[in-house]
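Architecture at a glance
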Amino acid sequence: MSSTLDLAIDLIGRQSLTPNDAGCQTAIAERLKACDFKTEHLDFEDVHNLWAKRGEHAPLIVFAGHTDVVPTGPLDAWQTPPFTPSIRDGYLYGRGAADMKSGLAAMVTAAEQFIKNHPNHQGSIAFLLTSDEEGPGINGTARVLQHLVKSGEHVDYCLVGEPTSVERLGDTIKIGRRGSLNGTLTVYGVQGHIAYADSTSNPIHLFAQPLADLCSHKWDHGNEFFQPTSFQVSNIRAGVGATNVVPGALELMFNFRFSTETTAEKLKETVEEVLRKHHLDYTIDWALSGNPFLTPTGKLSEAAQAAIKAVRGYTAEVSTSGGTSDARFFAPLGAEVVELGPVNATMHKLDENVNVDDLSDLSAIYEKILVSLLA
Ligand SMILES: [Zn+2]
């Protein structure tokens, strides 16, 4: 049984750019098989997924995570190569150090240690790992869960090792996430010579007031668990590049991060109401990346709080902030979902890193959660 640090180093050394797995799942499967997990590789198209389970009885606690990482950005901007893990001043550097190979390593060593101490534990432990969390998220966790539901699996608890901590390990856990809705809007005008504006209709001018209305609209006030819904424009484009042409169309891309106080349908209706009020000629395409979810706090979040308190001496803030994660696929199954992992300050950045001391503490936290639920 090697340490969490050794396993994290092994995983970070594997160049698993999404949707590649680079052997991470096989390495983890070998470790789990050695403690009597039954493992199944469920690959869909170019995505690798691992389902590993130990035990037949309820309750089932699933450790969920991903082995893929985001691109490195310019290699020469890294202090040390991103796939050559290196330790400097108490921090382990490399792509995936925070998101989320340290979390994976801690889950594995926590399960190993727990099983060593409690070989006849109650319930069941499983791992669901995918190489498609940073990509489109179609052939990963969502697909595996469809398969598992069909074969009669029921997930009671899901612990996701995504980096949720803000300043110190365990200061924040997540029990839900905001929804994400994307819109692509085209506003039509009439193109023409800028000196003959009477015979044109300028879509930039037409859209000025509706844009102001959308930006100043209060979509909701949020609630105890969610920040207010946020509307952000990511791209706006119009013009043919010449100084003397009124453009014929304006294109806008925007995103909502939304709370449980509204719905995707309500947001779409409100946007279109604003556009119609200003008599715009437009087309709009919508893409829902995920609905907001909130899981009821129960035994898992209690166990997580107690474990953080025991290992680190403080309790975590309970949050729903940040981007989407695969936790959203577990919530509709009725599982209690908690996300708890390393400090996220450097995730997706150059010189991504994790505090070395946090690795064994995270493993100890996960192990204590298993003890609370299954010992
Ligand atoms: Zn992640």
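Up top you'll find the structure we're talking about.
Reference entry: report on the structure contained in this document.

Reading the values: the criteria
Residues numbered from 1 in each chain as written. Predicted model: local features only at pLDDT ≥ 70, side-chain atom pairs only at ≥ 80, totals over all residues. Heavy atoms only, no water. Helix = DSSP H or I, 4+ residues; strand = E, 2+ residues; numbered from the N terminus. Expected span 1.5 Å × (residues − 1). Buried < 20%, exposed > 50% of the residue type's maximum accessible area, 1.4 Å probe, protein only. Pairing = 2+ DSSP bridges. Axes fitted to C-alpha atoms, helices over the stretch in contact; angles between N-to-C directions. Contact = heavy atoms within 4.5 Å. Phe/Tyr/Trp six-rings, centres within 6.5 Å; stacked < 30°, edge-to-face > 60°. Donors = N, O, S within 2.8 Å, 3.2 Å for Na, K, Ca; no water. Tetrahedral: all angles 85-135°; square planar, octahedral: opposite > 155°, others 65-115°. Salt bridge = Lys/Arg side-chain N within 4 Å of Asp/Glu carboxyl O. Parallel < 35°, antiparallel > 145°, perpendicular 65-115°, else oblique. Left-handed = near helix turned anticlockwise from the far one by under 90°. Nonpolar A, V, L, I, M, F, W, Y, C, P; charged D, E, K, R; others polar.

Attention now goes to helix 9 (residues 356-374). The first and last C-alpha atoms of helix 9 sit 28 Å apart over 19 residues, in line with the 27 Å expected at 1.5 Å per residue. By the burial criterion, the buried members of helix 9 are Val356, Asp358, Leu359, Leu362, Ser363, Ile365, Tyr366, Glu367, Ile369, Leu370, Leu373 and Leu374.

A separate point is the sheet that holds strand 14 (residues 249-258). Strand order across the open sheet formed by four strands is 12-14-10-15, with antiparallel pairing between neighbours. Both outer strands of the open sheet, strand 12 (230-238) and strand 15 (281-290), are each paired with one neighbouring strand and no more. Each adjacent strand pair in this sheet contributes to an overall mean axis angle of 15°, direction not counted. In the sheet, strand 10 (residues 179-188) pairs with strand 15 via nine bridges, with the strands oriented antiparallel. Residue pairing for strand 15: Leu185 is matched across the bridge by Ile284. On the sheet, helix 6 (residues 264-277) packs against strand 10, strand 14 and strand 15 and is oriented at approximately 165° with respect to strand 15.

According to the stated counting rule, one finds nine aromatic pairs in the structure shown. Centroid distance Phe63 to Tyr366: 5.8 Å. Interplanar angle 65°. Geometry classified as edge-to-face. In this pair, Phe63 sits in strand 3 (residues 60-66) while Tyr366 sits in helix 9, placing the two residues 303 residues apart along the sequence. Of the two residues, Phe63 and Tyr366, both sit in the buried class. Consider the rings of Phe254 and Trp286, whose centres lie 5.5 Å apart with planes at 85°: the pair is edge-to-face. With Phe254 in strand 14 and Trp286 in strand 15, this residue pair connects regions lying 32 residues apart in the sequence. Looking at Trp286, the relative accessible area reads 22%, which means it is partly exposed. Site record: aromatic cluster; members linked through ring pairs are Trp219, Phe231, Phe254, Phe256 and Trp286.

Six octahedral donors around a metal ideally sit at 90 or 180 degrees from one another, while four tetrahedral donors ideally sit at 109.5 degrees. Looking at the metal site, the zinc ion is ligated by His66 (NE2), Asp99 (OD), Glu162 (OE) and Glu162 (OE), spaced 1.9 to 2.7 Å from it. Considering all four donor atoms around the zinc ion, angles at the metal cover 53 to 143° and the coordination shape is irregular. Between consecutive donor residues of the zinc ion, the sequence gaps follow H-x32-D-x62-E. Of the two residues, His66 sits in strand 3 while Glu162 sits in the loop between strand 7 (157-160) and strand 8 (172-174), which places them 96 residues apart along the sequence. Judged by its relative accessible area of 1%, His66 is buried. The buried category is assigned to Glu162, whose relative accessible area is 6%.

A few words on the pattern of salt bridges. Following the criterion strictly, the structure yields 13 salt bridges and no others. A salt bridge links Lys268 to Glu265; the shortest N-O distance between them is 3.4 Å. Residue Lys268 and its partner Glu265 are both found in helix 6; the two are separated by three residues, about one turn of the helix. When its relative accessible area of 49% is taken as the criterion, Glu265 is described as partly exposed.

Attention now goes to the packing of helix 7 (residues 299-312) against helix 9. Between helix 7 and helix 9, the least distance of the axes is 8 Å, while the angle of their chain directions is 135°. Between helix 7 and helix 9, the angle falls in the class oblique. Judged by the sense of rotation from one axis to the other, the crossing of helix 7 with helix 9 is right-handed. Where helix 7 approaches helix 9, its residues Lys299, Leu300, Ala303, Ala304, Ala307, Ile308, Ala310, Val311 and Arg312 are matched on the opposing element by Asp358, Asp361, Ala364, Ile365, Lys368, Ile369, Ser372 and Leu373. Of the residues in the contact of helix 7 with helix 9, the class split is 11 nonpolar, one polar and five charged.

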